[in-house]
Amino acid sequence: MSDWVFAALLRLYPREFRQRYGTAMRAFHRERMRAARQRGEFMPVVWVRVMLDAIGSAFAERTRTRDSSGRLNIPPEKTVPHLRQDIAYSVRGLARRPGFTLVVLATLTLGIGANAAIFSVVNGVLIRPLPYPEPERVFQFGHKAPQWLTSDPQFGEYRRNMRSLDGLAAYVNREGTITSGDEPERVRIVSASADFFPVLDVPPLIGRTFAPDEYASSPATVVVISHSLWMRRFAGDSTAVGKTLPVNGSERVIVGVMPPEFAFPERRTDLWMPLPRSVLDTPGDWSNYYLFMVARLARGSTLDRARNEATGIAQRMMRDFPQHFNPTRPLTPDLNLVNDRLVGSTRPYLYALLGTVGFVLLIACANVANLLLARGEARRTEMAVRTALGATTRRLTAQLLTESAVLSAIGGVLGLALAWLGSRALVAGAPASIPRLEEIAIDPTVVAFTAAVSVFTGLLIGLVPAWRITRAPVAGTLKEGGRGAGTSGTSRARRALVVAEVALAVVMLSGSGLLLRSLLHLQRAGLGFEPSGVLTARVALLQRAYDDNRSTEFFFQLVERVAALPDVSAAGASGWLPVADDGGLWGYEPEGRNYSNYPDGNWPDAAPQQVTPGYFAAIGLPLLAGRDFGSADRPGAQLTAIVSKRFAEQSWPGADPLGRRFRLGGDGPWLTIVGVVGDLRARGFGAEPAPTMYFPYAQTATSAYFMPRSMVLLIRTGGDPSRLTPVVRGIVRSLDPRVPVSEVRTLDVVVGASVANRKFSTTLVLGFAALALVLAGIGTYGVIAYGVTQRTFEIGVRQALGAERGTVLRLVLREGLVLCASGLVIGLAGSVAAGRLIRALLVGVSPVDWVTLGTVCLLLAVVSVLACIIPARRAMAVSPVEALRGT
Amino acid sequence: MSRAKPDRDPNDLLPLKPIELLILTMLSGADRHGYGLRQDIVEHTEGRVALEAGNLYRHIRNLENASLVAVVDARKGGHSDDERRIYYRLEPFGRRVLAAELLRLRALIRVAEANRVLAPAGT
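Residues numbered from 1 in each chain as written. Chains lettered and ligands numbered in written order. Predicted model: local features only at pLDDT ≥ 70, side-chain atom pairs only at ≥ 80, totals over all residues.

Participant: Where do I start with the overall build of chain A in this structure?
Facilitator: On a plain count of helices and strands, chain A comes out with 27 helices and 21 strands. By the burial criterion, 42% of the 887 residues in chain A qualify as buried. Sequence separation of 24 or more characterises 84% of the internal contacts of chain A that already satisfy a separation of 6 or more. (Helix = DSSP H or I, 4+ residues; strand = E, 2+ residues; numbered from the N terminus. Buried ≥ 20, exposed ≤ 12 C-beta atoms within 10 Å, placed from the backbone. Contact = placed C-beta atoms within 7 Å.)

Written out as structure tokens, the structure reads:
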């Protein structure tokens, strides 16, 4: 794609130059692009540079050849006074035609403003550096599936042997409870090893980070808190450093506060604690993958080198300690820059948006160029006179370009203002799932981008008219006395512009159609449960205050009391919340099956979920066979489980799963299946449902390794779910005032966040496509209407000779429809290419979707008929007498 | 400026534009193709001068027209069309112009050294 764009840019140069250097320049460009990609340069910026160079150089070439062919050379010192004169002349000219100026400025403002607004989002989210020094050296280090994370001994191996790193740190995400104050608060804690803060290299706002000896004590006695926790609990008081904070029942000394922009690993992390050295140094379990890692590359090293080194170390570990590894699941290091990881899923949407507004700008430019061409027609006499009086081509071109530059400069300023409003609206309307939203602002980069776009626009809208006008034959124009039809070259240029506009609009419409169809497909497919009317809240018990029996009692009482509330139809609790949390995968062994039944020779995996009775009714997951859990599923009774449909199909294809048994890890107790429920998409709309196994909460200590102390409460109600919030808090407080309630939200909100990104960008793309359609319609109208005006004489003659009104109508309509059909054909070809480009964003719809393309054709046909009908009516109303008289 | 005359005075072409000076200097070491020149210049100027295709080849064209550089006879061999690089070399006359320009600059540096703008180059 890049190659033919460059080839097209080469067409801008005079033929002689192109023939001499074209091949060399294409080779140059290929190497340039390859190198830019390898270095990971930001491609839109590279392209802007390449285009500006091509336009600027081509323009210089074209004017140069003219001047050296015998005309007068303008002495360079005259240029500046000329410029001032040209600007004054242009502004006066524009002021004399306010209607024309207004339409042009409105179009340019929309085009440039949309680009600046979307770029401000791209800039904030993707380009602005992270608040770590040299973020291009900071990366996350994990493993590919199925291990994902790292175990203690592996961390030790990597840390000892990686030469390409400045530092490697391990950390764990945990939750905890702060028990001081009125309400206990649930917080996100990161326990990190000694290299953590040096790797990120961000100094604390006040106080300090951890001293080496503080990694020696277990449990940790010191904490560093986030800026938001500091504001929340200490109102930004600097004496907070040195105070103690009761976290998970022990007092910890606050030694530092991080600055507000520090958000690692997550924005919602509230505090950081030292990960005791003893935890990492004990010869631990090789297969307990629970550590996250973050690292900083040594200066001069590359991510590729680190990746190779890590792969080598992983292979050596597998060779030296074969007893700890399963050969069918090799350990594969996975290294990603923190920045990529943070914004990776948002990037394709933003690029799609940037592409879309680029198209809008091109269409706007085509429209404006068209207007300028039409105006240029009216000025042919003026230009011819000036040429006859000795003005050089360069001089005239410069003046015409000054005019378009003035227009685009004003458009750029207005566009920037529009972008300022637009980016505020975007931030207000954007879903919180877009990372780094708070970074979006009109900063110098955005201003520079807008300036570049304006210059580009000015050249684009000015070049075609300037080129056409300076080519007009002088003598002929003067003889004509400025009357008569436009030159055929000009009207050809105007038609070409309209065809290009229509083609661009078609590409945009079909692209947005594909995105819309994907969104609808996802929403129709559903998640497998019924999210509306459900309130969710996380309730966490203190491990040391609650043993297994007391926990069971607490949650059963809680669910019972909540379910008894008026207007509540069902209530239950689960270990994790679908869509919001991740349940992980556990291996299990189905009774009566052997290894060889499974493709990779291993036991199958399923997502584990611990639930109380009532959970299925509360979340709205249908019970397909068997029964729900009840109070009989207690410790000591028969161990039971309920499984999802996919679990049953995966374990015993085609057989009735009820009454069959399975066990975890190959050596746990056998569990009997008492029910089958539907599948749910626990990872959101885009994901396939995973096989899931449900354990009755009361039995989890025996049947499923451990009993979780932190559970999510789900309450289904007929009315507005959020109204129950104070009641639920009250019930929890009455059971135990030390227990925190957090993450209170409706299930609708949780689910909405999962498609929010897609919904947001699809809405924007659709809006821009509609704008493009309107602009293309206006463009078509402009050309046809102009054509009718130009042909009034001809139409008059035809009517005088007896042409029917229908014939005139057909004549005009045919002209318009031919233009649109040509645009449509080119646009459809472009749509196929665009569909492939955005393939990654499409779900349940092919990149070449006939429904979408058909709808687009239909829509376009309607718009083009509308655009032609007004000029056609005017043509039919032409009175032959007046037309021939020439008024 | 059109065809090369055999006994032109290099001083007629001075001073050189900064980019012309850079290109000629880079070519004085070895024959280079377009992208190679860009890389040399990027490296030498630590990224401050990064030429794009149009700008670079316009300068090459000027230098070629003035017979300071010339195309090396196309490199023979199994190059696919994809890699058809065109190499340029510094012509003898180009070398004389470059030397004249550098002498001019050296004289200028002497003045600056005498005026204590620069410390004299170390021995």
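Participant: Whenever I open this one, the overall build of chain B confuses me. Can you help?
Facilitator: Scanning chain B from N- to C-terminus turns up four helices and three strands. In chain B, the succession of helices and strands from N to C terminus is α-β-α-α-β-β-α. Counting over 123 residues, chain B shows a buried share of 26%. Partitioning the intrachain contacts of chain B with sequence separation of at least 6 by distance along the chain shows that 58% fall at a separation of at least 24.

Participant: Sorry if this is basic, but what is going on with the interface of chain B and chain A here?
Facilitator: A common way to state how big an interface is: give the accessible area lost once the parts meet. In this complex, chain B contributes 13 residues to the contact, which on the side of chain A involves 18 residues. Of all elements in the fold, only helix 2 (34–44) and helix 3 (53–65) of chain B reach the threshold of two or more residues within the side of chain B that touches chain A. A per-class count over the side of chain B that touches chain A returns four nonpolar, three polar and six charged. (Nonpolar A, V, L, I, M, F, W, Y, C, P; charged D, E, K, R; others polar.)

Participant: Looking at this structure, how should I read the nonpolar core?
Facilitator: Among soluble globular proteins, nonpolar side chains are generally buried collectively. All names here are of chain A. Val360, Ile363, Val502, Ala505, Phe768 and Ala772 are the most contacted members of the largest nonpolar core, which totals 97 residues. Put simply, the parts of the chain that give this core at least two residues each are helix 5 (98–127), helix 12 (347–378), helix 14 (393–429), helix 15 (444–469), helix 17 (488–525), helix 23 (747–790), helix 25 (805–837) and helix 26 (850–876). Among the elements that line this core, the one with the most residues is helix 12, at 18 residues. When residues are assigned to domains, this core turns out to be shared by domain 2 (79–133 + 345–459) and domain 4 (485–520 + 751–887), each giving three or more. Apart from the residues within four sequence positions on either side, Val360 is in contact with Gly111, Ala114, Phe768, Leu771 and Ala772. Listed in part, the 62 residues of the second largest apolar core include Val562, Ile642, Ala704 and Met711. (Core = buried A, V, L, I, M, F, W, Y, C linked by C-beta atoms within 7 Å. Domains from an automatic or database assignment.)

Participant: Help me understand the packing of helix 25 of chain A against helix 26 of chain A in this model?
Facilitator: Helix-helix packing is described using two parameters, namely the angle between the two axes and the distance between the axes. All names here are of chain A. Between helix 25 and helix 26, the shortest axis-to-axis distance is 9 Å and the interhelical angle comes to 150°. Classed by the angle they form, the pair helix 25 and helix 26 counts as roughly antiparallel. Here helix 25 runs over helix 26; the crossing is right-handed. Residues Arg805, Val808, Leu809, Val812, Leu813, Gly816, Leu817, Cys820, Leu824, Leu828 and Ser831 of helix 25 form the contact with helix 26, whose own contacting residues are Leu853, Cys857, Leu860, Ser864, Ala867, Cys868, Pro871, Ala872, Ala875 and Met876. Tallied by class, the residues present in the contact of helix 25 with helix 26 amount to 17 nonpolar, three polar and one charged. (Axes fitted to C-alpha atoms, helices over the stretch in contact; angles between N-to-C directions. Parallel < 35°, antiparallel > 145°, perpendicular 65-115°, else oblique. Left-handed = near helix turned anticlockwise from the far one by under 90°.)

Participant: In this structure, what is going on with the sheet that holds strand 1 (residues 32–33) of chain B? I would like to understand it.
Facilitator: By definition, the strands of a sheet pair up through backbone hydrogen bonds, in either a parallel or an antiparallel sense. Residue and element names in this part refer to chain B. What the three strands build is an open sheet, ordered 1-3-2; its pairing is antiparallel. The open sheet has two edge strands with one neighbour each: strand 1 and strand 2 (69–71). Summarising the sheet, strand 2 and strand 3 (residues 87–90) pair through three bridges and their orientation is antiparallel. Residue pairing in the sheet places Val71 in a bridge with Tyr88 of strand 3. (Pairing = 2+ DSSP bridges.)

Participant: Just checking my understanding: could you explain the pairing of strand 2 (residues 165–178) of chain A for this structure?
Facilitator: Two faces belong to every sheet, and in a regular strand the side chains alternate between them. All names here are of chain A. With six bridges joining them, strand 2 and strand 9 (residues 292–297) adopt antiparallel strand pairing. Following the sheet pairing, Leu168 is matched in strand 9 by Ala295. Relative to strand 3 (residues 185–192), strand 2 runs antiparallel, the two being bridged by eight bridges. Looking at strand 3, one finds that Tyr171 is bridged to Ala192.

Participant: Explanation requested: the environment of Pro330 of chain A in the structure shown.
Facilitator: Relative to the elements of secondary structure, Pro330 of chain A occurs in the loop between helix 10 (303–320) and strand 10 (333–337). Counting along the chain gives 187 residues from Pro330 of chain A to His143 of chain A, while the straight-line C-alpha distance between them is 9.7 Å.

Participant: Hey, could you run me through unusual backbone geometry in this one?
Facilitator: In this structure, the amide linkage connecting Phe264 of chain A to the following residue, Pro265 of chain A, adopts the cis form with an omega of 0°. Mapped onto the fold, Pro265 of chain A is located in the loop between strand 7 (250–257) and strand 8 (271–274). Residue Pro15 of chain B is reached from Leu14 of chain B by a cis peptide bond, and omega for that bond is -10°. The phi torsion at Asn248 of chain A lies on the positive side, around 50°, for a residue other than glycine. Assignment of secondary structure puts Asn248 of chain A in the loop between strand 6 (244–247) and strand 7. Residue classification places Asn248 of chain A among the partly exposed residues on the basis of 18 C-beta atoms within 10 Å.

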